[in-house]
6 protein chains.
Amino acid sequence: MSIFGLIEYKDASPEVRAVYDDIMAARKTDSINNFWKAIAHDPATLKRTWEDIKQIMAPGALDPLTKELIYVAVSVTNQCPYCIASHTASAQKKGMTDAMFKELMSVVGMANETNKMVTGYQVEIDAQFKK
Amino acid sequence: MSIFGLIEYKDASPEVRAVYDDIMAARKTDSINNFWKAIAHDPATLKRTWEDIKQIMAPGALDPLTKELIYVAVSVTNQCPYCIASHTASAQKKGMTDAMFKELMSVVGMANETNKMVTGYQVEIDAQFKK
Amino acid sequence: MSIFGLIEYKDASPEVRAVYDDIMAARKTDSINNFWKAIAHDPATLKRTWEDIKQIMAPGALDPLTKELIYVAVSVTNQCPYCIASHTASAQKKGMTDAMFKELMSVVGMANETNKMVTGYQVEIDAQFKK
Amino acid sequence: MSIFGLIEYKDASPEVRAVYDDIMAARKTDSINNFWKAIAHDPATLKRTWEDIKQIMAPGALDPLTKELIYVAVSVTNQCPYCIASHTASAQKKGMTDAMFKELMSVVGMANETNKMVTGYQVEIDAQFKK
Amino acid sequence: MSIFGLIEYKDASPEVRAVYDDIMAARKTDSINNFWKAIAHDPATLKRTWEDIKQIMAPGALDPLTKELIYVAVSVTNQCPYCIASHTASAQKKGMTDAMFKELMSVVGMANETNKMVTGYQVEIDAQFKK
Amino acid sequence: MSIFGLIEYKDASPEVRAVYDDIMAARKTDSINNFWKAIAHDPATLKRTWEDIKQIMAPGALDPLTKELIYVAVSVTNQCPYCIASHTASAQKKGMTDAMFKELMSVVGMANETNKMVTGYQVEIDAQFKK
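These numbers were taken from a predicted model, which means no experiment stands behind them. (Residues numbered from 1 in each chain as written. Chains lettered and ligands numbered in written order. Predicted model: local features only at pLDDT ≥ 70, side-chain atom pairs only at ≥ 80, totals over all residues.)

Participant: Whenever I open this one, the relation of the copies chain A and chain E confuses me. Can you help?
Facilitator: Put simply, the two copies of the chain differ by a rotation about an axis and a shift along that axis. Here chain A sits on chain E after a turn of 120 degrees about the axis and a move of 0.0 Å along it, with an RMSD of 0.0 Å. Taken together, the turn and the small shift mark the pair as related by a three-fold rotation axis. When each C-alpha of chain A is compared by its distance to the rotation axis, Gln79(A) comes out closest, at 4.5 Å. When the interface residues of chain A are mapped onto chain E, a mere 17% of them are again interface residues, pointing to distinct binding faces. (Least-squares fit on C-alpha atoms with pLDDT ≥ 70 in both. Contact = placed C-beta atoms within 7 Å.)

Participant: It is not clear to me how the interface of chain A and chain E should be interpreted in this structure. Could you clarify?
Facilitator: When the parts of a complex come together, some accessible area is lost, and that lost area is often used as the size of the interface. Listed as interface residues are 6 residues of chain A and, on the opposing side, 9 residues of chain E. Among the elements that take part in the side of chain A that touches chain E, helix H6 (residues 98–120) of chain A stands out by supplying 3 residues, more than any other. Across the side of chain A that touches chain E, the residue classes break down as no nonpolar, 4 polar and 2 charged. (Helix = DSSP H or I, 4+ residues; strand = E, 2+ residues; numbered from the N terminus. Nonpolar A, V, L, I, M, F, W, Y, C, P; charged D, E, K, R; others polar.)

Participant: Please explain the interface of chain B and chain A as it appears in this structure.
Facilitator: The interface of chain B with chain A comprises 56 residues on the first partner and 56 residues on the second. Elements that contribute at least two residues to the side of chain B that touches chain A include exactly helix H2 (34–39), helix H3 (43–57), helix H4 (64–77), helix H5 (81–93) and helix H6 (98–120) of chain B. At 15 residues, H6(B) tops the list of elements feeding residues into the side of chain B that touches chain A. Looking at the side of chain B that touches chain A residue by residue, the class counts come to 33 nonpolar, 17 polar and 6 charged.

Participant: What is the right way to read the relation of the copies chain B and chain A from this model?
Facilitator: Expressed as a screw transformation, the operator carrying chain B onto chain A has a rotation angle of 180 degrees and an axial translation of 0.0 Å, and the superposed copies differ by an RMSD of 0.0 Å. Here the copies are linked by what is in effect a two-fold axis. Same-surface contact between copies: 100% of interface residues of chain B are shared with the interface of chain A.

Participant: Explain helix H1 (residues 14–27) of chain D to me, please; I cannot follow it from the model alone.
Facilitator: Residues separated by three or four positions in an α-helix point in the same direction, a consequence of the helix having 3.6 residues per turn. All names here are of chain D. In this model H1 runs 20 Å from its N-terminal to its C-terminal C-alpha over 14 residues, within 8% of the 20 Å that 1.5 Å per residue would give. Inspection of H1 places Val16, Val19 and Tyr20 among the buried residues, and these make up the whole buried set. One face of H1 carries all of its buried residues, which in axial projection span an arc of 100 degrees. H1 presents Pro14, Glu15 and Ala25 as exposed residues on the side facing more than 90 degrees away from its buried surface. Against the buried residues of H1 lie helix H2 (34–39) and helix H3 (43–57). (Expected span 1.5 Å × (residues − 1). Buried ≥ 20, exposed ≤ 12 C-beta atoms within 10 Å, placed from the backbone. Arc of directions from axis to C-beta.)

Participant: Looking at this model, I keep getting lost on the packing of helix H3 (residues 43–57) of chain E against helix H6 (residues 98–120) of chain F. Mind explaining?
Facilitator: Axis angle and axis distance: for two packed helices, these are the angle between their axes and the distance between the axes, and together they describe the pair. It is the contact of H3(E) with H6(F), at a shortest axis distance of 10 Å, that shows an interaxial angle of 150 degrees. One way to sum up the angle between H3(E) and H6(F) is to call them roughly antiparallel. In this structure, the crossing between H3(E) and H6(F) has a hand that is left-handed. Every residue of H6(F) that contacts H3(E) at Thr49(E), Asp52(E), Ile53(E) and Ile56(E) is listed here: Ser106(F), Val107(F), Met110(F) and Thr114(F). Grouping the constituent residues of the contact of H3(E) with H6(F) by class yields 4 nonpolar, 3 polar and 1 charged. (Axes fitted to C-alpha atoms, helices over the stretch in contact; angles between N-to-C directions. Parallel < 35°, antiparallel > 145°, perpendicular 65-115°, else oblique. Left-handed = near helix turned anticlockwise from the far one by under 90°.)

Participant: Before we go on, may I ask you to explain unusual backbone geometry in this structure?
Facilitator: If you check the backbone angles, Gln79(B) has positive phi at about 50 degrees while not being a glycine. Structurally, Gln79(B) can be placed in the loop between H4 and H5. Residue Gln79(B) is classed as buried on the basis of its 23 C-beta neighbours within 10 Å. Phi angles above zero are rare outside glycine, and Lys28(F) is one such case at about 50 degrees.

Participant: In this structure, what is going on with the domain arrangement of chain A? I would like to understand it.
Facilitator: All names here are of chain A. Per the domain assignment, the segments of chain A are domain 1 (1–58) and domain 2 (60–131). Here the C-alpha centre of domain 2 lies 26 Å away from the C-alpha centre of domain 1. Taken residue by residue, the interface counts 4 residues in domain 1 and 4 residues in domain 2. (Domains from an automatic or database assignment.)

Participant: Explain helix H4 (residues 64–77) of chain E here, please?
Facilitator: Between its first and last C-alpha, H4(E) extends 20 Å over 14 residues, near the 20 Å set by a 1.5 Å rise per residue. Burial within H4(E) is extensive, with 12 of its 14 residues counted as buried. Residues of H4(E) that are buried: Thr66(E), Lys67(E), Glu68(E), Leu69(E), Ile70(E), Tyr71(E), Val72(E), Ala73(E), Val74(E), Ser75(E), Val76(E) and Thr77(E). The secondary structure elements touched by the buried residues of H4(E) are helix H6 (98–120) of chain D, H3, helix H5 (81–93) and helix H6 (98–120) of chain E together with helix H4 (64–77) and H6 of chain F.

In structure tokens form, the structure reads like this:
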């Protein structure tokens, strides 16, 4: 299931349980994804990763759904099956409709296509876009 | 500037000019990016790529700005300097603020980090996420 | 199990057996990983790949464990499940502790995160780092 | 030089200066790399990224040089020129010799080669490596 | 089997059936791959993707087998198991022998190796190759 | 120009010169690319890499031009500017026409697009393609 196995809530240390509790409260759910149960074997990393995600995925200039769509776009580009499955589910929970998912996939596919073509043609950056 | 050079409007065939005209009309601009000028050496590809992008990036279930943010997210994950420069500029034109860009970068960075960690820990997809 | 199936020792040609024998001797084991059994269908590639790995992974300025950690880091970044599973096992055999693995994953995650951020922000290489 | 330009120490807010000071103290240097000056436009990200790196790259089960070699390995696999240049310099500062660098490159190259071959041959993970 | 399930011919709309018919006619087969059945939930994307592939993979300056070998090379480099399995089968159908497959894998492996080494060594493009 | 600089023929050791001579003879040219001059700082790697490439890129079941096209396809997918520039030049020298290059780019772009779409839609491998 994972290199060190998964740490369930009932078997978790108080330190790990505190993070699990915070994840469940923030996400309004009573289950914890396998990812967290896997990295719980490294409590410092569990805590750091969760704190980072909580800060980064919070509503801000971008709304939570948009952030989740971006997360899926990256996961698809990296071809990470776990990440695609879990973040697609998160996006759906945050309001992604089927129509949105389909458009998301088309944009991701197109971007991957043109990213390669522009590099293959050895195109120089337009003067007005240079930083 | 590109493997075959760049085809400027004044030197373009009627077939290529028709695409350039459509790009400039759709984007409300009077300039054409180097990418299009580079692939214009292959008019069928120029036309197909532009028609695809026009269809895919049009307003739909996702608004044009969200689509452009996704394009940038993919381009950053692929580490394509041309694509990042040009699509960041497009996103700004469509309303991306500096605050949005900063959050976009944080989400992209975070997603790339956890994509690798979950794969490295060999985490199995949660039963409820399997398709 | 693989595109052409796996060639077991008992079914192998003398040419392939010689490589298998050398792998088992070098690794002090009596089993051969599926990777070798798969590419054994191309004996020249089997031999070349093994000779290369033997030369590259030998103790040198870097010790064998450090080299194996680097192999895992690349495999995780490429999101290659087979490679992660087999090279993590090799690293453990060479002395990687659980604590080392956890730190390895954190470094790999962090590096992937900042690799993308620096490219996304379009940061120019510092003058003192240019070659 | 970067999308929003680089924030020099003299122009930085107290919040940003505090991070710069901590970076310079930790690294025993009086200069700040462009990466930090670029993301300083987002002080929360600057602080979070630095705190994460400081925690992750600290001596632990793996020594700082090994961690830096892993950072370079990821950066090369991602083909990120900025990251390669800056982390190669960091690794040299932490004791990487030319001989170590050469071996690092050979391992990274080899790992990238076999990662693809094993996937291309569609090799199934050996039973004993499955988690 | 896929996020929205697979649309079989008997359950398909006339619009989707028209594409399925064209795929089967073009490929001289009476079955449709799962990829098409999955994206058939987005008929516009199904149609656009098929029209693009039909145009791009048609005989031209490069013959269909060479194009399919290139497709496999990209799929292996992206480490996409579905794509490798399906396009390897397509290539075999178009005449790829076992010997060709083996050489293909060796070239792909080698290219991935040297791509990383040249970037890691920070090699500048030779003057005569610059565009 | 490269991390350790470039070793020119006149400054090379007999060991390195022997490889340079073999490269020039095999390629019917009197110049050596920067890549070789950069890794010549590690003569064992120079020799191993050249011997591997010579074996792999030799005419076989696939002709040299096809192999070079595959090399370019991988280099574009990896977005490696040096590799694209040098292997595109090699392919041209081996007979790649402009029309071939354009079709190559279209196939590479298309493959990158569908690789991501199939993964994003979480499509299961068709039963008949499983190994």
